[in-house]
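Each chain is listed here by its residues.
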Number of protein chains: 2
Amino acid sequence: MRSISDLSQASPPFLCTLKMPAPAQFLDFVDKSKDAFIQRLSDAVEIPSISGDPKHREDVFKMAAFLESQLQAYGVETKSVPLGSQNIDGEELTLPPAILGRIGHDKNKKTVLIYGHFDVQPAELSDGWTNPPFKLTRDDATGRLYGRGSSDDKGPVLGWINVLEAHHKLGLALPVNLRFCLEGMEESGSEGLDEFILAEVKKGRDSWFDGVDCICISDNYWLNNRTPCLTYGLRGLTYLKLTVSGPGKDLHSGVFGRMVHEPMTDLIAIMSKLVDPSGKILIPGVDEMVPGPTPEEKAIYEKLDYSIADVEDSAGGKVALSADKAAVLMGRMRSPSLSLHGIEGAFYGQGAKTVIPAKVSGKFSIRLVPPMTPDNVNPLVIKYIQAEFAKLGSKNKLVIEDLHGGKPWVENHKHWSYEAAKRATEVRTFHPNSPLALIYKQTPDLTREGGSIPVTLTFAEALGVNVLLLPMGRGDDGAHSTNEKLDISNFIEGTKLLGTYLYEVSQA
Amino acid sequence: MRSISDLSQASPPFLCTLKMPAPAQFLDFVDKSKDAFIQRLSDAVEIPSISGDPKHREDVFKMAAFLESQLQAYGVETKSVPLGSQNIDGEELTLPPAILGRIGHDKNKKTVLIYGHFDVQPAELSDGWTNPPFKLTRDDATGRLYGRGSSDDKGPVLGWINVLEAHHKLGLALPVNLRFCLEGMEESGSEGLDEFILAEVKKGRDSWFDGVDCICISDNYWLNNRTPCLTYGLRGLTYLKLTVSGPGKDLHSGVFGRMVHEPMTDLIAIMSKLVDPSGKILIPGVDEMVPGPTPEEKAIYEKLDYSIADVEDSAGGKVALSADKAAVLMGRMRSPSLSLHGIEGAFYGQGAKTVIPAKVSGKFSIRLVPPMTPDNVNPLVIKYIQAEFAKLGSKNKLVIEDLHGGKPWVENHKHWSYEAAKRATEVRTFHPNSPLALIYKQTPDLTREGGSIPVTLTFAEALGVNVLLLPMGRGDDGAHSTNEKLDISNFIEGTKLLGTYLYEVSQA
């Protein structure tokens, strides 16, 4: 590993030969293609591929076809793999396909598997977006591209397409063999994908994953808005839905108020017993699964390039749970968290509707860290909620559903793939034509991420190779939230980083 | 007051002369106009006049114009009265007009003021409606008309239009002078109406309400599905909105979970402290305002034609708070109630969105009975919620808004207007041409209603005359809920009842 201090003592020409294996013509191509790359991202954002909403299932298919044609255009052999169907409220809904791709079969080159997803979270203008979420809004004043999926995960996936286009059009051979596995259900539990991966791996020599040396996933974010990072850990997730029902239909609160057991009263009572305002999880045995940090471990968090001000800037409000930076970072990286997301079936509009909703479903999820798994956490949650519901003495009915989940993951960050990504992040600053090169002038932070990408663990376990998370977006991109954005500089420099990473891998 | 037992001992021809002042040709006209009347209701339901949703404000205006033209068509002089504007999230929105009407200036006749409203509650197919809510669905098998506003309150308002049409087309003089005051903001706090009524009354001889002897409002429901009723009491209401905010935008729960104070956690904590699952209001001093019933008062409730099975049939589920009929009825009629309606700003869709909502507003309301008023209840609620919020130790912000409210009302039910309505309900069974006449073969129950029609009290206080609530719909109509309906028989027989009531008033 070369550090910035090494580089600063050597002369640029020498360094360019030794330490910047990505050809200048690739980097130039990327710079010159900025508008075209943004246009492609715009085309992608306009397809509202919301996997969690059956009404938009067709759009997820449309997005799959869009990406498959892009891959093919740049010489990638593809395969659209049907993943079966899912049952939603009694109806069978076909799952979007996984899109596989492969290019390069050179045994002297390393083989890198790229994973990404082309589905997005729901978004509506009425949620508080400044601009329509499914139209990419380019703001050159701030250098930002706003739109659902811009950063999570269409931008990063198109970053790889950008790399392919550049090599294809320049007639450059890729420095490694590439394999792609792109899915359309990531935001909805990656349904169908795990089974496919496990079955595919069993095919051995015939598997599209045969010969893969390492895996790279761009689907998370820098810790802050300054410092690139490499991520070697992810929290897991268990997402649950509590449905309380009783009346056969919504009731008028004047006519029925104080005559019947109201589902909302019961649901709110249960939801209030899951987490306290300090973030402590109230379900017995859950927080207790994770041992507290040693002083040494705490020191790691104290060193990261991050401050309480960063947290609050990213969140857009002075709402950090503590003034202790390490405590706040550990809350995200090494602690479980429980968030209450909302209620389906209750009144959610503007105005004042005097309804007693008949059937309400509270949604919440718990982020998991080792040794927690959905399998060891869910029974504690279900037992506790059933016991608390019984205490209410209500005649309403409670149903608890496990919507989806995934185990947490921690990787070896001293692997050559991580070292290659570290070098790629550092050397980018020596490309003279990039006005934005400054952003990468540092050694990346090594982080664990608070979110989940459950397939990371599936790949790691099924293929037995190292997985690297190499984020493109910044900490304030607002994935899953209103006004999600990707900085233009991150899209363009990130594209260069992905390409440069492949060259570094080829020399590792 | 004549009872059914008196009538059963007399011969029909004699009774028809003595006790059925409504002319047979009026009743026949109503029977023969069934399809046309239903078509008019269908036209009205198709106008989604949701007063609580700014997007539908134009439809409320459209509905006002629809009714004004109907009144004019049948000889009623009208006036559309602008009621100013309201401020919604910083934007001024013009209020729908009140539609005034007058027909008849005969000093030898009594003058009856009719109030009704032409706005409706929100409704979306996705709430669980079987058919589109803004299309009247006629089901001749069950004899029902489904649609938002069918029973609350377009059906009853059109009942009066039906009466006017019959008299106009038959060339019959109305037995009383009629005055109309129809509004378009009833479901949103009757904004602007109180001020107008008070100002109008002050005009004395020039007031459209000059000379009014009594007021009749058809905007509530039978207690059950069998027995018509006259209603002499209403609960009041205070509707509150609690907004908790902190982050500047919605956040990803993976990235921010356990780093920041989550508005949903705080809001749910507060909402859980308002009411318990047995219906008891947890805000100190609120339930305590209402003295418990004397044994004598409890006996009134035990005598009403109502059972726990009725409650549960209407509610569509076995969810009555108690097996004690009187206790359940008192819960509705003489007790306050607190209902949690929903949350604005949180995730409400299908699927599993892992969002930390940035700003969430909990909506709840308290139904009030004497001596409670918004003025004496709100301070208790606000003080309690602020104190409970302070205990949470959250950095988020809390704002409490009073969306609307109204005082409770109790009327003298021995007044001649009530006696007239009672007789009209009883004698209808002697019209030989109505196959549906059976439903009115009884003395109506005298009830107090759990809902609020705040303008009732305004009229009672401003005009100083008796107000009668004469419901058209049944206890299972589902006002404010999914699949709201009005029975065809109630619409047609109800139209006859309204007309007959006017004849009984003319003889009182």
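Residues numbered from 1 in each chain as written. Chains lettered and ligands numbered in written order. Predicted model: local features only at pLDDT ≥ 70, side-chain atom pairs only at ≥ 80, totals over all residues. Heavy atoms only, no water.

Scanning the model with the defined rule gives 58 salt bridges over all chains in all. A salt bridge links Lys353 of chain A to Asp127 of chain B; the shortest N-O distance between them is 3.7 Å. Taken as a pair, Lys353 of chain A in the loop between β13 (337–344) and β14 (355–356) and Asp127 of chain B in the loop between β5 (111–117) and β6 (137–139) lie in two separate chains rather than in one. One salt bridge connects Lys422 of chain B with Glu419 of chain B, and the closest N-O pair in it is separated by 3.6 Å. Placement of both Lys422 of chain B and Glu419 of chain B in helix α14 (residues 416–427) is noted, with a separation of 3 residues, approximately one turn of the helix. An identical accessibility class is assigned to Lys422 of chain B and Glu419 of chain B; each is buried. When salt bridges that share partners are traced, they join Arg144, Arg474, Asp476, Asp477, Lys485 and Asp487 of chain A into one network. (Salt bridge = Lys/Arg side-chain N within 4 Å of Asp/Glu carboxyl O. Helix = DSSP H or I, 4+ residues; strand = E, 2+ residues; numbered from the N terminus. Buried < 20%, exposed > 50% of the residue type's maximum accessible area, 1.4 Å probe, protein only.)

Residue and element names in this part refer to chain A. Spatially, the 3 strands line up as an open sheet ordered β6-β7-β20, and their pairing is antiparallel. Pairing within the sheet leaves two strands with one partner each, and these edge strands are β6 (137–139) and β20 (485–487). Going from strand to strand, the sheet's axes swing by 20° on average, the running direction of each strand aside. Summarising the sheet, β6 and strand β7 (residues 144–146) pair through 3 bridges and their orientation is antiparallel. Residue Arg138 lies in a different strand from β7, and its bridge partner there is Leu145. Contacts from helix α4 (residues 34–45) reach β6, β7 and β20 within the one sheet, and its direction differs from that of β6 by about 145°. Where helix α6 (residues 150–170) meets the sheet, its contacts fall on β7 and β20, and the angle it forms with β20 comes to roughly 45°. (Pairing = 2+ DSSP bridges. Axes fitted to C-alpha atoms, helices over the stretch in contact; angles between N-to-C directions. Contact = heavy atoms within 4.5 Å.)

Rotating chain A by 180° and translating it 0.0 Å along the rotation axis places it on chain B, where the RMSD comes to 0.1 Å. Both copies are brought into coincidence by an operation consistent with a two-fold rotation axis. Both copies share a contact surface, since 99% of the interface residues of chain A are interface residues in chain B too. (Least-squares fit on C-alpha atoms with pLDDT ≥ 70 in both.)

A few words on the interface of chain A and chain B. Contact residues are listed per partner, giving 100 residues for chain A and 100 residues for chain B. Taken together, both faces of the contact between chain A and chain B bury some 8,100 Å²; the carbon and sulfur share is 54%. Three residues stand out in chain A for area buried against chain B, namely Arg258, Met259 and Tyr348 of chain A, and they jointly supply 12% of the buried area on that side. Viewed at the interface, chain B and chain A are joined by 4 salt bridges. Applying the counting rule to chain A against chain B returns 52 residue pairs in polar contact (both at pLDDT 80 or more). (Buried area = accessible area lost by both parts, 1.4 Å probe. Polar contact = N/O pair within 3.5 Å; in protein donor to acceptor, adjacent residues only side chain to side chain.)

So, on to the UniProt feature "domain: Peptidase M20 dimerisation" (unreviewed entry) in chain A. Mapped onto the present numbering, the UniProt feature "domain: Peptidase M20 dimerisation" (unreviewed entry) falls at residues 232–389 of chain A. With 35% helix and 22% strand, residues 232–389 of chain A has end C-alpha atoms that lie 39 Å from one another. (UniProt positions renumbered as here; feature names shortened; annotations may be inferred.)

Burial within helix α11 (residues 308–315) of chain A is extensive, with 6 of its 8 residues counted as buried. Among all positions in α11 of chain A, only Ile308, Asp310, Val311, Glu312, Ser314 and Ala315 of chain A are buried. Taken together, the buried residues of α11 of chain A touch α12 (325–333) of chain A together with β12 (251–252) and α8 (253–256) of chain B. Gly316 of chain A sits one or two residues past α11 of chain A and shows a positive phi near 75°.

The next subject is unusual backbone geometry. Phi is mostly negative for residues that are not glycine, and the peptide bonds are mostly trans. Residue and element names in this part refer to chain A. Here the amide bond leading from Asp152 into Asp153 is cis, since omega sits at 10°, within 30 degrees of zero. Among the secondary structure elements, Asp153 is positioned in helix α6. Phi is positive for Arg258, close to 75°, though the residue is something other than glycine. With respect to the element layout, Arg258 can be found in the loop between α8 (253–256) and α9 (263–271). In the Ramachandran plot, Asn483 falls in the positive-phi region, its phi being about 55° despite a non-glycine side chain. Mapped onto the elements, Asn483 comes out in the loop between β19 (466–469) and β20.

Okay, the side chain of Arg40 of chain B next. All names here are of chain B. If you trace the backbone, Arg40 turns up in helix α4 (residues 34–45). Here the side chain of Arg40 touches Asn162 through a polar contact of 2.8 Å, side chain to side chain. Setting aside anything within four residues of it in sequence, one finds Arg40 in contact with Phe66, Gln70, Tyr74, Leu158, Ile161, Asn162 and Glu165.

Right, let's talk about the state of the cysteines for a bit. Residues and elements named next belong to chain A. In the structure shown here, the tally under the stated rule is 0 disulfides over all chains. The thiol of Cys216 is unpaired, and the distance to the nearest cysteine sulfur, on Cys214, comes to 7.3 Å. Residue class for Cys216 comes out buried when judged on its relative accessible area of 0%. (Disulfide = S-S within 2.5 Å.)

A few words now on the confidence of the model for chain A. Residues and elements named next belong to chain A. Looking at chain A as a whole, the pLDDT averages 91, with 93% of positions reaching at least 70. Every residue in residues 1–20 is under pLDDT 50, and counting partners more than four places away or in other chains gives 27 contacts. Note that pLDDT drops below 50 for residues 434–439; the model gives that stretch 17 contacts with residues more than four away or on any other chain. (pLDDT = per-residue confidence, 0-100.)

Turning to the domain arrangement of chain A, a few remarks are in order. Interfaces are often sized by the amount of accessible area the parts lose when they come together. All names here are of chain A. For chain A, the assigned domains read domain 1 (4–232 + 409–507) and domain 2 (236–290 + 335–406). Both sides of the domain 1 and domain 2 interface together cover about 530 Å² of buried area, and 52% of this is carbon and sulfur. Between domain 1 and domain 2 we count 0 salt bridges in total. At the junction of domain 1 and domain 2, the tally comes to 0 residue pairs in polar contact (both at pLDDT 80 or more). Partitioning the side of domain 1 that touches domain 2 into residue classes produces 2 nonpolar, 5 polar and 2 charged. (Domains from an automatic or database assignment. Nonpolar A, V, L, I, M, F, W, Y, C, P; charged D, E, K, R; others polar.)

Looking now at the pairing of β19 of chain A. All names here are of chain A. The two faces of β19 match: Asn466 and Leu468 on one face and Val467 and Leu469 on the other face are all buried. The pairing of strand β9 (residues 214–217) with β19 spans 4 bridges and is classified as parallel. Along β19, the bridge assignment pairs Ile217 with Leu469.

Take the environment of Gly464 of chain A next. Of note, Gly464 of chain A is situated in the loop between α15 (455–463) and β19. Remark: the alpha-carbon pair of Gly464 of chain A and Cys214 of chain A, spanning 250 residues in sequence, is separated by 9.0 Å.

Residue and element names in this part refer to chain B. Within the open sheet, the 3 strands sit side by side as β6-β7-β20. Their pairing is antiparallel. The open sheet terminates on both sides in strands that have one partner only, identified here as β6 and β20 (485–487). Taking each pair of neighbouring strands and ignoring which way they run, the sheet shows an average axis angle of 20°. Packing of helix α6 (residues 150–170) onto the sheet brings it into contact with β7 (144–146) and β20, and relative to β20 it is tilted by some 45°. Where helix α16 (residues 488–506) meets the sheet, its contacts fall on β6, β7 and β20, and the angle it forms with β20 comes to roughly 60°.

So, on to the packing of aromatic side chains. One pass over the full model with this rule turns up 7 aromatic pairs over all chains. Plain terms: the ring middles of Tyr115 of chain A and Phe459 of chain A are 5.9 Å apart, the flat faces sit at 65° to each other, and that makes the pair edge-to-face. Linking Tyr115 of chain A in strand β5 (residues 111–117) with Phe459 of chain A in helix α15, this pair joins segments that are 344 residues apart in sequence. Both residues of the pair, Tyr115 of chain A and Phe459 of chain A, count as buried. Ring geometry for Phe209 of chain B and Phe459 of chain B: centres 5.9 Å apart, planes at 85°, overall edge-to-face. Linking Phe209 of chain B in the loop between α7 (193–201) and β9 (214–217) with Phe459 of chain B in helix α15 (residues 455–463), this pair joins segments that are 250 residues apart in sequence. For the residue pair Phe209 of chain B and Phe459 of chain B, the accessibility class agrees, reading buried in each case. Through successive ring pairs, a cluster of aromatic residues spans Tyr115, Phe196, Phe209 and Phe459 of chain A. (Phe/Tyr/Trp six-rings, centres within 6.5 Å; stacked < 30°, edge-to-face > 60°.)

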